[in-house]
Amino acid sequence: MIDLKPIDIDGHTFLSVSVQLPKTNLLVVTNDRGYIMCGALDVALLNEKLKDRKVIAGRAVGVKTIDQLLNAPLESVTYEAEELGIVKGTIGKEALLKMI
């Protein structure tokens, strides 16, 4: 099952995406500039092989719900996210607000 919902964070609208897969969930919260995602995100791939795309993204591990993703510290972030002040340990929703 796929669940798409707009969510409000401090007056800003983001889109949450939850995909229920066998034995796991794929979780993403995004806007038109960047996103945070569950452990399925390969930050190294974005930073190395897809560096020219300048993706703004962060990864949180061990999360099972959108709420957990929003409140978890990011385990890794892309170089482009770092340029916005999003660093390892930034809470998910705080990172999203820096993507405004």
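Things to note about the overall build of the chain
Piece 1. Counting its secondary structure elements, the chain contains 4 helices and 6 strands.
Piece 2. What you see in the chain, going N to C, is helices and strands ordered as β-β-β-β-α-β-α-β-α-α.
Piece 3. Relative to the globule expectation of 13 Å for 100 residues, the C-alpha radius of gyration of the chain, 13 Å, shows essentially globular dimensions.
Piece 4. Projected onto its principal axes, the C-alpha coordinates of the chain cover approximately 35 × 30 × 20 Å.
Piece 5. Split into buried and exposed, the 100 residues of the chain put 40% on the buried side.
Piece 6. Taking the contacts inside the chain whose residues are at least 6 apart along the sequence as the reference set, 33% of them involve residues at least 24 apart.
Piece 7. Only carbon and sulfur atoms are counted for the fraction: they give 53% of the accessible area of the chain, which is about 5,900 Å².

Points about unusual backbone geometry
Piece 1. Although it is not a glycine, Lys23 sits at a positive phi angle of roughly 70 degrees.
Piece 2. In this structure, Lys23 sits in the loop between strand E2 (12–21) and strand E3 (24–30).
Piece 3. Taking relative accessible area as the criterion, Lys23 reaches 89% and is therefore assigned exposed.
Piece 4. Positive phi, close to 55 degrees, is recorded for Lys54, a residue that is not glycine.
Piece 5. With respect to the element layout, Lys54 can be found in the loop between helix H1 (43–48) and strand E5 (57–59).
Piece 6. Overall, Lys54 belongs to the exposed group, its relative accessible area being 55%.

Cut-off values and rules
- Residues numbered from 1 in each chain as written.
- Predicted model: local features only at pLDDT ≥ 70, side-chain atom pairs only at ≥ 80, totals over all residues.
- Heavy atoms only, no water.
- Helix = DSSP H or I, 4+ residues; strand = E, 2+ residues; numbered from the N terminus.
- Rg over C-alpha atoms; globule rule 2.2 N^0.38 Å.
- Buried < 20%, exposed > 50% of the residue type's maximum accessible area, 1.4 Å probe, protein only.
- Contact = heavy atoms within 4.5 Å.
- Areas by Shrake-Rupley, 256 points an atom, 1.4 Å probe, with all protein chains shown as cover.

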